[in-house]
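Understanding the architecture of this molecule
Single-letter residue listing:
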Amino acid sequence: MLIYLEYFLTTLSSIFIFYYLLLCAQQNHYHFNYLIKYYKKYLIRIDGLLYLISFIRLFKFSNIINLFFDTIYICILFFLIAKKIYGKTIIPLKITSRIKRNIIVNVLISVLTMYIFSPNIYILLVPCISLLSFIVLEPIEKLVKYTFIRKAKKKIENIKPLIIGITGSAGKTSVKNFIYTIIKDKKITYASPKSYNTLMGLCRFINEEVHIGTEVLILEYGASHKGDIEKLVRFIKPDIGIITNVLPQHIETFKNIETIKKEKEKLLRNSRVCIYNSDILSINNLNNLVIKIGKKNSDLLVSDVVIDGSGSCFMINGIKYQTSLLGKCNYENILLAIACSLYIGIDINEIIDKVKNLEQVENRLEIKKVYNEKEIIIINDSFNSNIEGFKNALEVLSFMEGLNKVIITPGIVECGKLEKVITEEVVENILKYNMDVFLIESTTSKKIAKMLSDNEKQFIKFKVFQDAYQKALSEKYDVILIENDVSDIYLK
Amino acid sequence: MNVVIAFGGKSVEHDISIITYFQILNSIDLKKYHVYPVYFSKDNEMFYSKEFFEMDIFKSQNIKNNKKVKNVRFERINNRVFMIIKNKKIEVDVVIISMHGKGLEDGTISGYFDVLGVPTTLNNVDVSSVLHDKYYMKLALEKIGIKVINYKLLTKRDYYDNLDGDKIVKACKLGSSIGIKKASGNEEIKLAIKDCLKYDDRVIVEDLLTNYIELNQALYIKKGKVVLSAIEEVKTNNELYSFEKKYQSPCERIIPAKINKKLEQRVNHLSERIGNFFLINSVIRIDYLYDLDSKILYVNEVNLIPGAFSYYLFEEKGIYFGELLDDLITSAIRKKYDDNLKISTFPSSVLFTKYNNKK
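Predicted model, so just to flag it, every value in this text is computed and none were measured.

Once that is clear, we can look at the overall build of chain B. Check the secondary structure of chain B and you find 11 helices and 16 strands. What you see for chain B is a C-alpha radius of gyration of 22 Å, in line with the 21 Å of a compact globule of 359 residues. By its C-alpha atoms, chain B is 60 × 60 × 45 Å across when sized along the principal axes. Each of the 359 residues in chain B was classed as buried or not, and the buried ones make up 53%. Intrachain contacts of chain B at a sequence separation of at least 6 include 67% that bridge at least 24 residues. Looking at chain B as shown, the accessible area adds up to about 18300 Å², and 50% of this sits on carbon and sulfur atoms. In chain B, the 55 positive side-chain charges and the 47 negative ones have mean positions that sit 6 Å from each other.

This is the structure:
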């Protein structure tokens with residue numbers, strides 16, 4: 001009887017481990033090198049305790065003690081997974097066909113090992129089994145991937161659309177949406193949806209959503225690891241390459257900003273026409289047609305720029321454009337969108353009209369008005385995750401004078417070695433623009449709290465966003481700025 | 001590009017649509033398009049077969065029982081439309097409709113493919129049904145000041161008597177020459193009405209013109225602009241053509257019509273007006289009657305899916321059938337894209353609030 005219970009508990013705990021490992025793998029896009037790294041980091045270092053318990057279990061004390069350890073084992077695993085899902089990331093495991101294949105192989109190997117060895121030894125081998133299943137399945141995945149990519153490639157070759165590729169650290173989605181809004185009425189246009197910026201994502205988008213007859217295709221070329229852009233470019237060569245900016249994002253995988261820039265430049269070098277903002281970037285040795293937009297040394301000369309609380313207003317080659325979108329970031333993104341639309345050959349009057357009526361991308365400097373006895377302006381910038389966006393949002397806020405302002409933020413997380421510098425910059429900016437601070441607990445919030453109190457700045461700490469938000473509403477602030485990676489966001 | 005050509009169908013003009021289909025097949029660029037013929041039987045069952053590329057199979061009586069003929073259905077999966085032949089899925093990019101007559105041309109088939117959400121070479125449902133119905137067409141045209149022949153509407157519930165003079169009795173919803181009777185005198189007209197009521201619940205009784213010429217003009221839309229065909233004159237010898245006569249011993253057609261410049265301009269102008277007013281987006285043919293006595297140009301009939309897509313009229317203007325089909329396919333794709341841009345769904349909380357409150 002007890003032996004069956006032990007088998008049951010072992011199986012249960014192995015299911016927990018498999019779930020945890022698959023989740024890690026999925027969130028690392030199944031990159032093999034990172035997978036091993038991840039396994040080392042989380043299984044040897046953090047889950048060392050688990051191994052200790054497993055090791056103790058090897059000695060056959062008595063069934064009762066074994067069961068006791070089993071229970072602890074499962075509790076710890078459960079806690080780990082719960083932390084993984086609800087602590088750092090909100091995304092649970094997506095059951096894709098790849099994951100299904102993996103589970104099948106896992107189960108097969110597990111049954112085999114459990115048959116050969118005892119459950120006590122089996123539980124120690126679970127991580128190895130999980131890794132083994134990835135190795136076993138690798139050729140099959142390669143094949144599946146290859147056919148999938150070929151299908152998408154063939155489709156593109158058949159349709160022959162004009163392809164616009166956009167890369168950069170921030171503002172990819174905004175530029176994409178702006179271009180789409182400007183040209184969609186004139187050309188049959190499809191733009192890749194928000195999160196589809198990896199190779200497989202783009203393939204999926206092309207295979208499933210691009211219809212025959214497409215004239216323009218707007219794709220986001222994301223780069224979170226070295227070599228990503230090259231892979232994407234080899235898959236689909238863009239006709240027009242646009243680079244928004246280069247910021248220290250994904251610094252954990254890129255090590256320094258120069259490599260990021262080099263990586264992103266690859267898109268421009270591989271496209272027929274390049275568009276970039278010459279005020280932000282300078283890229284040398286481009287052999288193809290270059291359209292620079294900016295205030296100096298540019299093909300499309302920008303002048304008379306006014307950015308204020310009601311939007312921005314500027315001239316390009318003597319033609320006036322205006323928009324109600326706030327902030328410098330938006331202005332920069334719109335410039336790129338205009339340059340691209342002009343190259344495609346959209347009528348200038350139509351561009352002016354469309355730019356005037358552009359709408360903000362959701363959760364990116366999005367303005368909402370709430371009536372709670374009086375009007376409260378809520379600026380939602382929760383999808384932002386870099387310092388430039390942070391500064392930009394604060395700058396927007398500074399245009400609104402004479403109002404009670406509050407910022408709700410957990411700081412900027414996942415910056416690797418630059419964390420200290422960026423956190424300092426965050427604090428510096430918060431101090432520069434005078435406003436109240438509601439700090440949400442995160443990995444960097446302690447540092448921010450310390451720096452704030454060093455500068456004798458008042459702030460209130462919160463555990464979750466929702467509390468801070470409710471407090472801000474009830475305190476009768478006029479403007480509430482929600483900044484950075486608040487994933488449990490819930491606005492009505 | 002996968003192009004489905006749908007033809008046949010439950011209609012009196014079933015056979016004509018097969019002829020139109022073969023005309024399309026002969027002209028369409030088979031290198032550019034993968035053509036999948038889908039045959040709608042006389043009770044609208046859908047079939048696919050490679051045999052449909054040859055005429056022979058349609059001469060046999062029971063196409064259904066042929067082993068090479070397979071049932072087909074259309075299905076929308078994941079934002080795309082597929083033609084499903086047994087277990088094989090084929091993505092459909094465009095559907096060319098080669099079907100004529102009531103129950104298909106009158107917006108019904110447009111509706112079917114609209115729900116599926118696949119681009120078709122058809123006009124909108126509303127435009128199709130208004131222009132196909134002889135009564136509503138007259139109402140709509142009168143409203144925008146286009147002349148139609150004097151008429152009277154009779155339904156099967158109306159009492160009709162005391163009808164005099166030379167009249168043409170037409171069933172409201174039948175195309176071609178079926179359900180159309182010429183009659184003079186009360187008794188004969190009454191008999192004709194009775195006969196026509198077999199085809200439709202409503203008939204219109206029109207005055208018969210005595211001294212007139214019949215002119216036809218087709219038009220289609222290319223990049224948002226109306227493209228007019230040449231005008232043809234149909235010599236009818238003032239005789240009303242029966243169905244058999246119309247198709248088997250074709251009447252004399254003069255292309256381009258020998259008419260003066262002024263009349264030609266009037267016809268062109270009117271066609272363009274109709275094309276723009278009804279936001280036509282496919283090929284249509286407008287049949288005019290020109291009264292030589294009173295010099296009035298009447299619109300007699302509008303064909304939403306004209307026989308052979310009236311390609312012979314466009315050829316006169318240097319637009320060949322292949323090119324016409326290319327343009328129709330492009331504008332069909334464009335139209336679907338434009339439709340999709342329009343706001344058609346709306347996030348609502350009705351389901352969440354109303355029912356919770358009741359609890």
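All names here are of chain A. Counting buried residues in strand β15 (residues 479–483) gives 5 out of 5 residues, a clear majority hidden from the surface. Here β15 shows a buried face lined by V479, L481 and E483 and a second buried face lined by I480 and I482. Examined bridge by bridge, strand β11 (residues 374–381) and β15 share 5 bridges and lie parallel to one another. What sits directly across from I378, in β15, is I480. Alignment of strand β12 (residues 405–409) against β15, held across 4 bridges, turns out to be parallel. Paired with K405 across the two strands is V479, which belongs to β15.

Residue and element names in this part refer to chain B. In this structure, S41 sits in the loop between β2 (34–40) and β3 (46–48). Note on S41: relative accessible area 8%, which makes it buried. At a separation of 2.5 Å, a polar atom in the side chain of S41 contacts the side chain of D43. In this structure S41 touches G9, K10, H14 and F47, once residues within four positions along its chain are discounted.

Our focus in this paragraph is the interface of chain B and chain A. Each partner contributes to the interface: chain B provides 9 residues, whereas chain A provides 15 residues. Here chain B packs against chain A, burying approximately 1100 Å² in sum over the two surfaces, 52% of which is carbon and sulfur. When residues of chain B are sorted by the area they lose upon contact with chain A, R80, R334 and Y337 of chain B head the list and together hold 50% of the total. Linking chain B with chain A are 1 salt bridge. Linking chain B with chain A are 6 residue pairs in polar contact (both at pLDDT 80 or more). No other element matches helix α10 (residues 321–341) of chain B, which puts 4 residues into the side of chain B that touches chain A.

This part takes up the nonpolar core. If you look at the biggest cluster of nonpolar residues, it comprises 118 residues, and the most contacted ones within it are F52, F58, F74, M83, L215 and F309 of chain B. With 8 residues, the top contributor of residues to this core is α10 of chain B. Apart from residues no more than four positions distant in its own chain, F58 of chain B is found in contact with F7, I18, Y21, F22, Y39, F52 and I63 of chain B. Grouped together as the second largest cluster of nonpolar side chains are 34 residues, I179, I183, Y331 and L336 of chain A included.

Before going further, it helps to spend a moment on the packing of aromatic side chains. To describe a pair of aromatic rings, you give the distance between the ring centres and the angle between the ring planes. Residues and elements named next belong to chain B. For the structure shown, the criterion picks out 24 aromatic pairs over all chains. Measuring from ring centre to ring centre gives 5.0 Å for Y112 and F113, while their planes differ by 75°; the resulting arrangement is edge-to-face. Under the relative-accessibility criterion, Y112 is labelled partly exposed at 30%. Judged by relative accessible area, which is 0%, F113 ranks as buried. Centroid distance Y311 to Y312: 5.9 Å. Interplanar angle 75°. Geometry classified as edge-to-face. Taken together through their ring pairs, the aromatic side chains of F7, Y21, F22, Y39, F52 and F58 make up a single cluster. Geometry around F82 places K89 over its ring, the cationic atom sitting 5.1 Å from the centre.

Residues and elements named next belong to chain A. Following the criterion strictly, the structure yields 35 salt bridges over all chains and no others. Among the ionic pairs, E208 bridges to R204, the shortest N-O distance being 3.8 Å. Here E208 pairs with R204, and both are found in helix α8 (residues 199–209), just 4 residues apart, close to one helical turn. Between E230 and K266 there is a salt bridge; the shortest N-O distance is 3.4 Å. Here E230 is found in helix α9 (residues 228–235), whereas its partner K266 is found in helix α11 (residues 257–269), with 36 residues between them in sequence. On the basis of relative accessibility, which here comes to 38%, the residue E230 falls in the partly exposed class. Linked through salt bridges whose partners overlap, the residues forming this network are D185, K186, E350 and K354.

Residues and elements named next belong to chain A. Residues L112, Y115, I116, F117 and I121 make up a contiguous nonpolar surface patch of roughly 570 Å² in combined accessible area. For the nonpolar patch, the element with the most residues is helix α5 (residues 97–116), which contributes 3 residues. On the secondary structure map, F117 appears in the loop between α5 and α6 (119–159). When its relative accessible area of 36% is taken as the criterion, F117 is described as partly exposed.

Turning our eyes to something else, we now look at the sheet that holds strand β3 (residues 216–220) of chain A. Residues and elements named next belong to chain A. An order of β2-β3-β1-β4-β5-β6-β7-β8-β9 is seen for the 9 strands of this open sheet, with the pairing classed as mixed. Looking at which strands have only one partner, the edges of the open sheet turn out to be β2 (189–191) and β9 (319–323). For this sheet the average axis-to-axis angle between neighbouring strands, irrespective of direction, equals 20°. Where β2 meets β3, 3 bridges bridge the pair, whose relative direction is parallel. Opposite Y190, over in β3, you have L217 as the bridge partner.

Averaged over every residue, the pLDDT of chain B is 85; residues scoring 70 or more account for 91%. Taken over the whole predicted complex, pTM reads 0.73, whereas the ipTM for its chain interfaces reads 0.75.

In an α-helix there are 3.6 residues to a turn, and that puts residues three or four apart on one side. Buried within α9 of chain A are the following residues: D228, I229, L232, V233 and F235 of chain A. Projection of α9 of chain A onto a plane perpendicular to its axis shows the buried side chains occupying an angular sector of 155°, all on one side.

What follows concerns the sheet that holds strand β7 (residues 94–98) of chain B. Pairing between sheet strands relies on hydrogen bonds along the backbone, with the strands arranged either parallel or antiparallel. Residue and element names in this part refer to chain B. What the 7 strands build is an open sheet, ordered β6-β5-β4-β3-β2-β1-β7; its pairing is mixed. Strands at the two margins of the open sheet, each flanked by one partner only, are β6 (88–91) and β7. Mean inter-strand twist for the sheet, computed between neighbouring axes without regard to direction, equals 35°. One ladder, built from 6 bridges, connects strand β4 (residues 70–77) with strand β5 (residues 80–85); its direction is antiparallel. Considered in β5, the bridge of R76 is made with V81. Running over the sheet, helix α3 (residues 108–116) touches β2, β3, β4, β5 and β7 and is turned about 55° from β4.

Here is what the cut-offs are and how they apply
In every chain, residue numbers begin from 1 and rise along the written sequence. Labels follow written order: the first chain is A, the first ligand is 1, and so on. Restriction of local features to residues with pLDDT of at least 70 applies here, the model being predicted, together with a cutoff of 80 or more for giving and counting side-chain atom pairs; totals for whole chains, interfaces and linings are based on all residues. The side-chain values count all of the structure's non-hydrogen atoms but skip hydrogen atoms and water molecules. In DSSP terms, a helix is any run of H or I states spanning at least four residues, a strand is any run of E spanning at least two, and both are numbered starting from the N terminus. All radius of gyration figures rest on C-alpha atoms, and the globule criterion is 2.2 Å times the number of residues raised to 0.38. Buried means the residue's accessible area, taken with a 1.4 Å probe over protein chains only, is under 20% of the maximum for its type, while exposed means over 50%, and partly exposed covers the values in between. Whether two residues are in contact is decided by their heavy atoms: any pair within 4.5 Å suffices. Computed by Shrake-Rupley with a 1.4 Å probe, the accessible areas treat only the displayed protein chains as cover when residues are assessed. His residues and chain termini do not enter the charge count, which takes Lys and Arg as positive and Asp and Glu as negative. Charge positions come from single atoms, namely NZ of Lys, CZ of Arg, CG of Asp or CD of Glu. Any two strands with at least two DSSP bridges between them are considered paired. Contacts described as polar in this section are N or O atom pairs within 3.5 Å, which, within protein, must combine one atom able to donate a hydrogen with one able to accept it, while residues neighboring in sequence count only if both atoms come from side chains. In short, buried area is how much 1.4 Å probe accessible area vanishes from two parts on joining, totalled over both. One speaks of a salt bridge when a side-chain nitrogen belonging to Lys or Arg is within 4 Å of a carboxyl oxygen belonging to Asp or Glu. Side-chain atoms within 4.5 Å are what join buried Ala, Val, Leu, Ile, Met, Phe, Trp, Tyr and Cys residues into a set we call a nonpolar core. Working definition: rings of Phe, Tyr and Trp (its six-membered ring) pair if their centres are within 6.5 Å, and the pair is stacked with planes under 30 degrees apart, edge-to-face with planes over 60 apart, and tilted otherwise. For a ring to carry a charge above it, either NZ of a lysine or CZ of an arginine must fall within 6 Å of the ring centroid while also lying within 35 degrees of the normal to the ring plane. Any residue with relative accessible area above 30% and no salt bridge may belong to a patch, with like charges joined within 9 Å and the nonpolar Val, Leu, Ile, Met, Phe, Trp and Tyr side chains within 5 Å. Where helices are involved, their axes are fitted lines through C-alpha atoms of the stretch in contact, as for all axes, and angles between N-to-C directions lie from 0 to 180°. Scored between 0 and 100, pLDDT is the confidence that the predictor attaches to each residue. By arc we mean the arc of the directions from the helix axis to the C-beta atoms, nothing more.

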